[in-house]
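In case you want the letters, here they are:
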Amino acid sequence: MKFKFRHANKIVGIFTLVAMLLLVIITAFAGVSKKWFTKKIYFTSLFTSAEGLKVGMGVNLRGFQVGRVKNISLNADNQVDLDFYIYVTYHDRILPDSVLVLPSGLLGAAAALEIYPGLVEGLPLPYGTYIPSTQTVEGKMLVKTRRVDRPTGGDAITDILAELPEILDNLDETIVSIGNLSSSLKTGIEGEGNDAFSSTVRNLEDFSAGLDLSIRDVNDITASLANLAVELEDPTGLVPTLLDPTGSLDTLLNDDNVLWDHILSIIVQLEGAAAGVNSLSTSLAGISPQLALTLDETIRSLTQAQKVMEGLQNNPILKRGISEETVPENPGADTREDEF
Amino acid sequence: MVETLGRHIRQSLGQLSYAAGFQLFLFKETFNFLGKRRIGLRVLIMQILFTGVGALSIISLLSLGIGAVIIIQGAQLPDFLLGEQLYRILIIVITRELGPLLTAFVIIARSGSAITTELGNMVVSHEMEAYMSVGIHPVSQLGVPRLIGVSLSMVLLTAYSNVFGLLGSLTVSSILTRVRLADHLSALFANFYLVDIIASITKSFVFGIIIAATSVYYGFSVSGAITEVPVKTIRSIGVSIVLCVIADGIIIWFTILVAA
């Protein structure tokens, strides 16, 4: 019997055992290498976007892989919840104020997250603690205030790449500010806003309207000044004549108070006349009752005379006794007034 | 023409129905076999010896050679040997794809064809009737140990194939890059994921079942003429290859879904 068939059971047993052993060895080595059997301390973090994040990506501390991303999910506030773990051997380095960073890869997404441990002395963060990312305000403040152990001193490109997220964040903020400013300016210019700028623009419009009127006035004044200048340039004009050293104005102003005295005398005479008028009015006031009686008598007399005249007119004996008065025609009347 | 088409469809449906019934019976008997291990155990041992141990040398040589060739060809590309991606490429190509598929093709060509021929010849020489005459169902006695033996051998041979393939690649890479083999192995293990190992084992097991079930079915489908045996063997090989490739595609799709 052939050796192979005689020892078939043993050969198959060895074949199977060796294969199983190889599988176990590969699995064990892979597990040890990937720290499948190492105890893990889980933490949570928050990102604004899942861009560049993926389940299974490493969490590095100064280039050493100290953990991995376990889960990524979109929460109810449209923020990205990230669950990750740190191997227990590195747990003592995860101190309070630690920050999680998504580095900017040179070509596309970064291969791993970075963790900057806090500089606070104390116990490591416990299981399940929230560690902010630099995509949150809290995380940015921790980095800005230099409360984290941030690696420096690398080559120029590494330093630039390390600074890049902060620069990009600042750029984002600037762009957002410019956007807000632009929209504020737009609404302000349209006069639709309720802020100080909009009211200023509205006031500016009123001011502009007032300024228009003022400019129109100034234009009028300028035109007058131009006319005056023209008048000044004309040697025969009114103003030069007035301002001429030998002109009327000079004569009037340099006449040894002759004109003034004359005006003063006129005023004195006017004052005297006024006094006369005043006394006349006083006299009139004194005789006014008598004058009233006289006028009443006159009216009565005239009434009697009217009645007498009416009687005379109605008397048939005296009819046509008084010749009618003839009115002389106007010799200089216009021919157009004639009746045709 | 209509009559021919109708007859062809009826025959196809009849064959399909017979094949489904045969496979159901084969799997039912397999479960029964696992409960009553003593029956057919010798056939199972011999099947593993023939399929697994017998193919080990050729599988090892092929895997070593292909692993080395991947590195030699890849070395033509810039930075192929220096990048971290090298290990992932090797793991995906050798462990997930080439290992199970290459092993399957060797098993189809070597053991699949042998099973169909052997069973076909036994049908022609009326050995099946002899088994039945003494109260032993030939499918239980001949088919089930072959199904289990080929499936187990596929899994074990794939493990060898992966190991030799990766060793061949890393050895050549170590020679070309002057990096120690231990460092290469360390980096390789760091890039291994559990899903790689599970995918490899699953594929090899599924391929083993497909090859064994197809070969056994075509062996038993010989109706009496000796000339049918090579025809059924060729058809068995063709169908096994097609089914393995389809199963490979389905498993890849499922693996990607799980990974996502």
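Residues numbered from 1 in each chain as written. Chains lettered and ligands numbered in written order. Predicted model: local features only at pLDDT ≥ 70, side-chain atom pairs only at ≥ 80, totals over all residues. Heavy atoms only, no water.

(A) Spatial organisation of unusual backbone geometry. In this structure, asparagine 78 of chain A takes a positive phi of about 60° despite not being glycine. Looking at the element boundaries, asparagine 78 of chain A is found in the loop between β3 (64-74) and β4 (80-87). By relative accessible area, which is 55% here, asparagine 78 of chain A ends up exposed. Look at histidine 126 of chain B: it is not a glycine, yet its phi comes out positive at around 60°. (Helix = DSSP H or I, 4+ residues; strand = E, 2+ residues; numbered from the N terminus. Buried < 20%, exposed > 50% of the residue type's maximum accessible area, 1.4 Å probe, protein only.)

(B) Highlighting the nonpolar core. Core analysis: the biggest nonpolar cluster contains 45 residues, and Leu26, Leu119, Ile211 and Phe220 of chain B have the highest contact counts within it. Listed by contribution, the elements that provide at least two residues to this core are α2 (8-33) of chain A together with α1 (2-35), α2 (41-74), α3 (85-124), α5 (138-177), α7 (194-220) and α8 (228-259) of chain B. In terms of residue count, α5 of chain B provides more of this core than any other element does, 10 residues in total. Once residues lying within four places of it in the same chain are set aside, the contact partners of isoleucine 211 of chain B are Ala104, Ile107, Ile108, Gly112, Val150, Met154, Ser240 and Cys244 of chain B. (Core = buried A, V, L, I, M, F, W, Y, C linked by side-chain atoms within 4.5 Å. Contact = heavy atoms within 4.5 Å.)

(C) Structural view of the side chain of glutamate 228 of chain B. All names here are of chain B. Here glutamate 228 lies in helix α8. Lacking a salt bridge, the buried glutamate 228 has lysine 232 as its closest oppositely charged neighbour, with an N-O distance of 4.5 Å. Only 2.6 Å separates the side chain of glutamate 228 from the side chain of serine 223, close enough to count as a polar contact. The residues contacting glutamate 228, other than those within four sequence positions of it, are Ser221, Val222 and Ser223. (Lys, Arg positive; Asp, Glu negative; His and termini not counted. Salt bridge = Lys/Arg side-chain N within 4 Å of Asp/Glu carboxyl O. Polar contact = N/O pair within 3.5 Å; in protein donor to acceptor, adjacent residues only side chain to side chain.)

(D) Broad picture of the environment of tyrosine 130 of chain A. All names here are of chain A. Secondary-structure assignment places tyrosine 130 in the loop between β6 (112-116) and α3 (137-144). By relative accessible area, tyrosine 130 is classed as partly exposed at 33%. Residues tyrosine 130 and aspartate 83 lie 47 residues apart in sequence; the distance between their C-alpha atoms is 9.3 Å. Apart from residues no more than four positions distant in its own chain, tyrosine 130 is found in contact with Thr44, Ser45, Leu46, Thr136 and Glu138.

(E) Seen up close, the sheet that holds strand β1 (residues 40-47) of chain A. Residue and element names in this part refer to chain A. Read across the sheet, six strands follow the order β1-β4-β3-β2-β6-β5 without closing on themselves; strand pairing throughout is mixed. Strands at the two margins of the open sheet, each flanked by one partner only, are β1 and β5 (99-101). The average angle at which neighbouring strand axes cross in this sheet is 30°, direction not considered. In this structure, strand β2 (residues 58-61) lies alongside β3, joined through four bridges in antiparallel fashion. Across the sheet, the residue bridging to asparagine 60 is glutamine 65, located in β3. (Pairing = 2+ DSSP bridges. Axes fitted to C-alpha atoms, helices over the stretch in contact; angles between N-to-C directions.)

(F) Focus on a nonpolar patch on the surface. Residue and element names in this part refer to chain A. A surface patch of nonpolar side chains, amounting to about 450 Å² of accessible area, comprises Leu259, Trp260, Ile263, Leu264 and Ile267. Along the chain, isoleucine 263 falls in helix α8 (residues 258-314). You can call isoleucine 263 partly exposed: its relative accessible area is 35%. (Patch = residues over 30% accessible without salt bridge, like charges linked within 9 Å, V, L, I, M, F, W, Y side chains within 5 Å. Areas by Shrake-Rupley, 256 points an atom, 1.4 Å probe, with all protein chains shown as cover.)

This is a description of form; function is not addressed.
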